[in-house]
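An overview of the molecular structure
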Amino acid sequence: MAMAWIWTGMVVLSLVFGVLNGTIGAVSAAAMEGARAAVELCFSMAGILCLWSGVMAVMERCGLTRGLSRLFSPLLRRLMPNACRDRETLSALSANLSCNLLGLGNAATPLGIQAARRMARGTEGTATDELCLLVVMNTASIQLLPTTIAGVRAACGAAEPFDILPAVWLASALSVTAGVGAAKLLSRFTGKIRN
């Protein structure tokens, strides 16, 4: 609801300043150009998102996600021991991590929500430290193949959409390390406060 008010306020302010400065025609033209560019970007990215979502579906059907679940389970059991006691939660966490590694934030979100719902059972509306860690890991995920970013770059005319790989790897590894470190540090701090 807050975002609706923010967007409405921005549109109203744009119109007011356009009228006051006598540039309402330029404001209208910019709005139409922005809408056209947004639709073009959506259509150009749809193919890439469909491709990688299909790859994830194939991985699920052929059992590769179960293999990834086994591969990631030692790390996830160390980071989230309570959540990983439930096999379905562990599977959702692993699939979420796999999607994020492939840069598929749109496909990772439903899996993260599924894992979060399972982790939130019995918490009486209070987020646990592991649930907060899931949010941090999902938000600052390591991306091996930043497909969404590459899709945006390709749609905008980049000659080599994946030439950003080293920068993405470094930035995402640093962000996950900082996020997990901060979450673990704060969980120790809040544990002392609760006791």
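The following paragraphs examine the structure supplied in this document. (Residues numbered from 1 in each chain as written. Predicted model: local features only at pLDDT ≥ 70, side-chain atom pairs only at ≥ 80, totals over all residues. Heavy atoms only, no water.)

1. A closer look at the overall build of the protein
What counts is decided by this rule: Helix and strand assignments follow DSSP, with helices taken as H or I runs no shorter than four residues and strands as E runs no shorter than two, numbered in order from the N terminus. Two things to know: the radius of gyration comes from C-alpha atoms, and the globule rule equals 2.2 Å times the number of residues to the power 0.38.
Each helix and strand counted, the protein has 8 helices and 0 strands in total. Secondary structure elements in the protein, listed N-terminal to C-terminal, are α-α-α-α-α-α-α-α. In terms of C-alpha radius of gyration, the protein reaches 21 Å, well past the compact-globule figure of 16 Å for 195 residues. Each of the three principal axes of the protein carries a C-alpha extent, and together these read 65 × 45 × 30 Å.

2. Digging into empty space enclosed by the protein
Which entries qualify depends on this criterion: Lining residues are those with an atom within 4 Å of a point, where the points come from a 1 Å grid over the protein atoms alone and group into cavities, where a 1.4 Å probe fits but cannot get out, or pockets, open sets with protein on both sides within 12 Å along at least five of seven lines. Grid points are joined across faces, edges and corners, and a volume is the space filled by probe spheres set on the points. Gly is placed with the polar residues, together with every amino acid not listed as nonpolar (Ala, Val, Leu, Ile, Met, Phe, Trp, Tyr, Cys and Pro) or charged (Asp, Glu, Lys and Arg).
Taken as a whole and assessed by the stated rule, the structure comprises 1 cavity of 30 Å³ or more. Approximately 60 Å³ is the volume attributed to the largest cavity. Leu76, Met80, Leu93, Asn96, Leu97, Asn100, Leu134, Met137, Asn138 and Ser141 are the residues that line the largest cavity. Elements represented by at least two residues in the lining of the largest cavity include exactly helix H4 (87-101) and helix H6 (129-139). Here the residues of the lining of the largest cavity are counted per class, giving 6 nonpolar, 4 polar and no charged.

3. Quick notes on the packing of H4 against helix H5 (residues 105-120)
Heads up, the condition is: Note on geometry: axes are lines fitted to C-alpha atoms, helical ones only across the stretch in contact, with angles between N-to-C directions running from 0 to 180 degrees. What sets the label is the angle itself: under 35 degrees gives roughly parallel, over 145 gives roughly antiparallel, 65 to 115 gives roughly perpendicular, and the rest give oblique. Here a crossing is taken to be left-handed if its near helix is turned anticlockwise relative to the far helix by less than a right angle, and right-handed if that turn runs clockwise. Throughout, a contact is declared for two residues whenever any of their heavy atoms are within 4.5 Å.
Close contact between H4 and H5 brings their axes to 8 Å; oriented N to C, the two are set at 155°. With respect to H5, the element H4 is oriented roughly antiparallel. The chirality of how H4 crosses H5 is left-handed. Where H4 approaches H5, its residues Glu88, Thr89, Ala92, Leu93, Ala95, Asn96, Cys99 and Asn100 are matched on the opposing element by Gly105, Ala107, Ala108, Leu111, Gly112, Gln114, Ala115, Arg118 and Met119. The residue makeup of the contact of H4 with H5, split by class, is 9 nonpolar, 6 polar and 2 charged.

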